[in-house]
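Per-entry structural report
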Amino acid sequence: MHHYLLRGSRYVLILAIGLLVNNKLSAQISIKGTVTDNNNQPFPGVSVIVKETANGTTTDATGAYSITVPNKNAVLVFSFVGYPSQEIAVGAKTEISLSLSPSVGQLNEVVVVGYGTQKRKEVTSAVATVNAEQFNKGNISDVAQLLQGKVAGLSISKPGGNPNGGFTIRLRGLSTLGANASPLIVVDGQVGADLNTIDPNDIQSIDVLKDAGSAAIYGTRGSSGVIIVTTKKGGRVSAVSYNGSVTTENPIKFTEHMTAAEYKAAGGRDLGAVTDWNKAITRNALSHIHNIAFSGGSGGGTTYTASVNYRNGQGVAIKTGFDQVNAHFGLTQRAMKDKLNFTLDVSTTRRSSQFGFDRAFQYATIFNPTAPLHTTDPALNYTGSGYVEQNFVEYANPLAVLEQNTNNGVNKRTNINASATYEIIRGLKFQVRYAQQNTTNNIGIYLPKTSFDTRLIGTNGAINGSGYTRKGLAQKQNDEGYTQLYENILSYDKKVTEKLNVSAVAGYSYQDFAYNGSVLQAGDFLTDVTSENFASASDFKNNRSFASSYKNGSKLVAFFGRLNLNYNDVAFISASLRREGSTQFGANNKWGMFPAVSAGVDLGKLADISFVNSLKLRGSYGVTGALPPNPYLSLFLYGPTGNNFLYNGVYIPAYEPTQNANPDLKWERKAEFDIGLDFSLFNSRLTGSLDYYNRQTSDLLFNANVPVPPNPTNRKWMNIGILENTGVELLLGYDVVKSKSFSWNTSINFSTFSIKLAKLNAELAGSYVGASNLGSPGQEQTEITRAVEGEKIGLLWGPVYRGINEYGHFLFDDGTGKTDTIGGYKTKIGNGLPTFELGWTNTFHYKNFDLNFFFRGSFGHDIVNTYRAFFESSQSTVIASYNVVNTKYFNPAIQSGQTFSSLYVEKGSFIKLDNATLGYDFNFKNGGAIKGLRAFVNGQNLFVITDYTGVDPEVRYSYGGNILAPGVDARDTWVRTRSFTLGVNLKF
Amino acid sequence: MKISSFVKCSLVGIVLMSSCTKLDETELLYDRASNLNFGVTDAEVVSLLAAAYTNLYGSFGGDGSIMRVEEVPTDEIVVPTRGPDWGDGGHWVRLKLHTYLPNDAGPENTWNFLFKGVNSCNRVLSILEPIGTPASLKFISEIKALRAIYYYWLVDLFGNVPISTDFAKTDPPPNNTRKEVYDFIEKELLEVLPDLQKTGPNDNETYGRVNYYTAQAVLAKLYLNAEIFSGTAQWDKAIAACDDIINSGKFALTANYSDNFKKDNKGSTEFIWVIPYDEVQATGFSLPHMTLHMESQETYKMGGQPWNGWASVQEFYNSYIDPAQNPGPQGTVVGLDPKGTPIQGTTDKRLSNFLVGPQLKSDGATPLTDGAADVTDPDGPQIHFTPYVNELQPGAWRQSGARIGKWEFYKGMTGQLSNDLALFRYADILLTKAEAQARKANNWNDPAALALVNQIRTVHGGVTPYSTMTATSFLGERGREMFFESTRRQDQIRFGTYNAAFRFHPADADTHVNIFPIPASQLNANKNLKQNPGY
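Here the structure is a predicted model, which is why all the values come from computation and not from measurement.

1. A closer look at the interface of chain B and chain A
- Counting residues at the interface gives 87 residues for chain B and 81 residues for chain A.
- Going through the elements one at a time, helix 1 (2–12), strand 1 (33–34), helix 2 (42–60), helix 5 (105–128) and helix 18 (520–525) of chain B are the ones with two or more residues in the side of chain B that touches chain A.
- With 10 residues, the top contributor of residues to the side of chain B that touches chain A is helix 2 of chain B.
- Its residues placed into classes, the side of chain B that touches chain A shows 34 nonpolar, 37 polar and 16 charged.
- Two elements, strand 30 (residues 637–647) of chain A and strand 1 of chain B, share two bridges in a ladder whose sense is antiparallel. Across the sheet, residue Tyr-638 of chain A finds its bridge partner in strand 1 of chain B, namely Ala-33 of chain B.

See below:
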């Protein structure tokens, strides 16, 4: 209704200006005023221009400006990067003061898309935006955590409480077999950036490009989606802020196992004491975070932001944690009457970590609960360390594992991102960007001479072993990564006619990547004291040392372009194309083409429905790619066999083929169709969007088995088949109560997943790929997952458990409806991927109080509880060695040896109260030293509702690195933890 | 180079220079060799030839090796499930029960190992054949012989395998019949024989490599099994091949049986072809890991922890100590009861093939104990290796089973032995000739055969010569001599006992299990391959 009026009046207005300007009938008016930010502080550097003219100025350090306009029909446009611009008609006013706010209404919100920005209303593909206010709060140590559960279709998971463990990020499930399944990261325009170079505190907003319509402009790296991070920018009058928090984190769920008394009663070996090994290796961990940020600007077109972030995190396992300092500096400089704009962002991070050893949790579950913490009994004091050790398979004292051995690392990252943009003519801009990232990683492990466990180091090709067997064993690892990005981008934005706005982008992108590193391992030290000095390791003299090194690199080159049309803010069309080549493709397929087209129409503007503010229907189709996961996969390669050959009485090196050639190797091609509806109803009280997508990934990359002969080796990287993926995503937000002193907003996001391995190539037809095995000890050949042609991804595979017979032996389905004791018949016994996921946020404001709580759930996935699969048996030969996992499924009548079956597959559905925050904003008078203070208390992982008996029902996206093997709860998972955080945000 | 290309492309990227869109990956190859830049120099060619051999090192003497399918299904070895250990999805048990599946690791790895060897040979041949110098021709014959030996194991284990001789041919090949494969091996070996060197075990140049006598030994074994492989017996040919070796004068039985297996056994007069293992340079003989108890680590001051798996069984051990089966001097030996109580029995010198009885720490005096010993094991915590194995699965005692002590275990070993491993040994040739003679004469008391067997009994075993012999007593003697040298499966098949009932193995329903299934992964990947009958 009022839209028509508005548009009508604007039409008249612009017409009038045109007339006036053309006729030079100028009756000039002087306007002045002050711009403030949303905290009522002066806002310098805001650009103020007279609409449709080149006449403009910027606000000074006090936020003040003055400008002369031709007449009272003029319109002033106030704009600042990262803020939506405001237009104000001059009319009879001579003073115009206003406040610019980054928190904006949904429709005018700025959405960062590939190589540009759009207003929310213009977006024609599936793009989600999460602003700083919506980020998860509390004990946040990773950027991914900010988003967990916030975006429909974006799954972020980290089972267990390892402070040095990474998060798995999946957008719309899985759309790849062998390529990178994590989304592409873009930070402030830098493609392929590293999330770990940014501190979560420095982030302004995160945009997620979900469909191929929006991601196709990123070509060969767009298939798993794109996450675009925008960091906080300077601009206001010298602002200083401090954010600090203290967190206490406690283990709340261990793998259930027998107590000392139960263990003894069940026939376990009694060593005389009562020990809870999980308690012995865990603690109440304390962490603190401090962030100081400065920002400001000068009237001369300079704005800056600088921040220092310090994080100190303890792990709940003893002797684990990290210490991290990150600094970020961002500078913007305008020149040549604002036609030239330079930006520079530099960040540096140093993180030193105590990783500990994940195996300690496995040992804590199975180690004899009657063993004392320390011993002097020579029968138990096996290595003389004073810890009880016994010679069972994969069995060691968990306390000794963490207390005796060191596994520490230092990770350093620096990132430089610089750009220069020149406005050649009005609306036409040319940008040059250069960025580089440097990452170094040093990890040192030392197992002292009395350290018993043989499986703490697992370097491929080395002898490995324990500190005890190797008389002290040291390993040093160094890795270095270096990438450079260079881009030229030409962009054009023009209102072609009264109703039609055109914007276009074209560019060239070059990126190279270089990695190198080495591992050294040696033992036989006279004393543990000199463990950092390899010269004191006798292994070098005895030919028992191990060394390896690597260096590799790759290049990406691309040309891209996009055209956007906006017809009268009613209809929108966007089309893009990227042509991209990579050194990692086979010689016959170096270049790929990635097109996309999308369109949207605001039905709310076409039909006048009283309760509709906007109702946009949009559809997109696009093609994205995925790169082979490593360089050189298309080449025929030779490498040393590892063994030397006795030739004329001396040993000489032997070389053999290590990889089959595939000159046809190409990108995975994902074609995606997305149809969506964005709506804003009842005075924007109810907002949301609904998406349906259908993806087809063809030319799936996989390291497939090939016949020998004719192939020299039995694996080859090939494009092997088609994956189909459909889903529905719904985001709903509702202002339940909206009044001055009290408000309640509730929002829900919901997403469904269905991923199928639709087809395999002719040579693999009817077959399966990606099988994984349960693992060591003793189950290295026990297949538990596979991906089968025509079936959903995530299949758990094995015999179907049907009970036990009178001897306590397992009975399995034999495939004909009867039972047998062998378990030779194997079939689908579950699926590791969820069918739907849910996030539910509630935000309350009452006067100065705010309360936010957030539930998150995944439903329909199954989990192989490997703790049970390995350690549930109380059969006499087993309980003599291992403590028993005794969940509700524990059945002492079972007398069979370990046999994997559906008995160990559990429903993983859960809902968690993931995060709850209560905050209070203190009032301060204007002009005081302190401009703002907020204090909050936060709880994370407050409760979980699930049937799963393991420590954490989170979706497991891979097992041993195999992404086709989701749904396996590995035994190195840390315990589940709960944390409470007390924090303040202070502004000066 | 990278920097300059980057600078160049940055500066002129706008102009779209072709050099900035060049995506040749071999320019970025720093730590690996590709077919474009490798195989050029003599040393590189020899390194490729070397790989055709070293492929064997890692694939013959280890836990997951060819030895696994040669030994575990027979009556001389068992890998029992010891509580939580050695279950491995049941594939060890399936080997024992002859219920192996096409996707079991045993057949799968063995196929890959052997065809990798065949392919290595084909690749080396494709490089050598165009050269045409005398030195290259000599290599060609040697590599063709090596390829024929890989096929000798393939025809034995899988039977109907594809014959692949052309490295450039990339079509997935179909099966050949077992007879065709047999004919191919015979033809190839006979063709190259004249070009191979007639060197003995002390010749440095060919030690560890295939020479004339290696080819003759393979022919002898091929002919010995010709009836199984091709349907037609070839006793005369077998005898002729053996005679060629015996009459060369290059080989002789060692006075001490165990000299063939000690750490420094290089150049033993019985070695026709060996893998020259070395704990640093040439690893893969991981017998200490496979057979020793975890606690034995202390006894030998090992650099790694053993896995307590492979062992022999009571009946096989008994064939050494039972005076009826093996007449000879009597003395105290470890007995067959669950405690391994010493009894009177034959003291065959070849009992050094086993580690049995109480175990001691490295000081040679203190008893070795296992704090984690099975409570039901009557030996108690002091470690006794007993020939008695209580059950195949799931609860075999940690200390049960006579351990494989044939190759000398030495203090400070890593778990990878330095002892060379004979693939073809002179004693085997003597027994091959004896068997061929007896079978040709259709008389196990054929004097020539009896003399050969008794030569081995007296020199190696120090036991009483047989006065008469039967098929059973011959097989018993072959077993004692050739224990754990990967001949037992072949021998049991030839003597018809492979499919009979023996310890932990009920009788097979039929003989399809005498060759292994073709691996499922190969059938998946190669539609031209057909599975062996019965699987």
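2. Side note on helix 2 of chain B
- Compared with the 27 Å implied by 1.5 Å per residue over 19 residues, the 28 Å span of helix 2 of chain B between its first and last C-alpha is a close match.
- Within helix 2 of chain B, 14 of the 19 residues are buried, which leaves the element mostly enclosed by the surrounding structure.

3. Regarding the sheet that holds strand 39 (residues 768–775) of chain A
All names here are of chain A.
- On the basis of which strands lie adjacent, the open sheet formed by four strands has the order 39-40-41-45 and antiparallel pairing. At either margin of the open sheet sits one strand with a lone partner, and together these are strand 39 and strand 45 (827–831). Across the sheet, the axes of successive neighbouring strands diverge by a mean angle of 40 degrees, strand direction being ignored.
- Of the strand pairs in this sheet, strand 41 (residues 795–798) and strand 45 are connected by four bridges, and their pairing is antiparallel. From the neighbouring strand, Leu-796 faces strand 45, where its bridge partner is Gly-830.

4. Here's the deal with unusual backbone geometry
- The omega torsion across Gln-393 of chain B and Pro-394 of chain B is -5 degrees, close enough to zero to call that bond cis.
- By secondary structure assignment, the location of Pro-394 of chain B is in the loop between strand 7 (384–385) and strand 8 (403–404).
- Within the chain, Lys-319 of chain A stands out as a residue other than glycine whose phi angle is a positive 55 degrees.
- Inspection of the secondary structure assignment puts Lys-319 of chain A in the loop between strand 19 (302–314) and strand 20 (321–335).
- Exposure remark for Lys-319 of chain A: the 21 C-beta atoms within 10 Å place this residue in the buried category.
- The phi torsion at Phe-484 of chain B lies on the positive side, around 60 degrees, for a residue other than glycine.

5. With respect to helix 6 (residues 359–366) of chain A
Residues and elements named next belong to chain A.
- Burial within helix 6 is extensive, with seven of its eight residues counted as buried.
- Within the span of helix 6, buried status applies to Ala-360, Phe-361, Gln-362, Tyr-363, Ala-364, Thr-365 and Ile-366.
- Those residues of helix 6 that are buried lie in contact with helix 5 (277–281), helix 7 (398–404) and helix 10 (866–871).

6. A short note on the sheet that holds strand 30 of chain A
- Pairing in this open sheet of three strands is antiparallel, and the strands run 31(A)-30(A)-1(B) from one edge to the other. Looking at which strands have only one partner, the edges of the open sheet turn out to be strand 31 (650–659) of chain A together with strand 1 of chain B.
- Against the sheet, helix 2 of chain B touches strand 30 and strand 31 of chain A, its axis set at about 85 degrees to strand 31 of chain A.

7. Some remarks on the environment of Gly-328 of chain B
Residue and element names in this part refer to chain B.
- Mapped onto the secondary structure, Gly-328 falls in the loop between helix 13 (314–321) and strand 3 (330–334).
- Residue Gly-328 is classed as buried on the basis of its C-beta count, with 20 C-beta atoms lying within 10 Å.
- In this structure the C-alpha to C-alpha distance between Gly-328 and Ala-168, which are 160 residues apart in sequence, comes to 58 Å.
- Look past the residues within four positions of Gly-328 in its chain and what remains in contact with it is Thr-346, Thr-347, Asp-348, Gly-461, Gly-462, Val-463 and Thr-464.

Conventions adopted
- Residues numbered from 1 in each chain as written.
- Chains lettered and ligands numbered in written order.
- Predicted model: local features only at pLDDT ≥ 70, side-chain atom pairs only at ≥ 80, totals over all residues.
- Contact = placed C-beta atoms within 7 Å.
- Helix = DSSP H or I, 4+ residues; strand = E, 2+ residues; numbered from the N terminus.
- Nonpolar A, V, L, I, M, F, W, Y, C, P; charged D, E, K, R; others polar.
- Pairing = 2+ DSSP bridges.
- Expected span 1.5 Å × (residues − 1).
- Buried ≥ 20, exposed ≤ 12 C-beta atoms within 10 Å, placed from the backbone.
- Axes fitted to C-alpha atoms, helices over the stretch in contact; angles between N-to-C directions.

It is worth stressing that arrangement in space is one thing and function is another; only the former is reported here.
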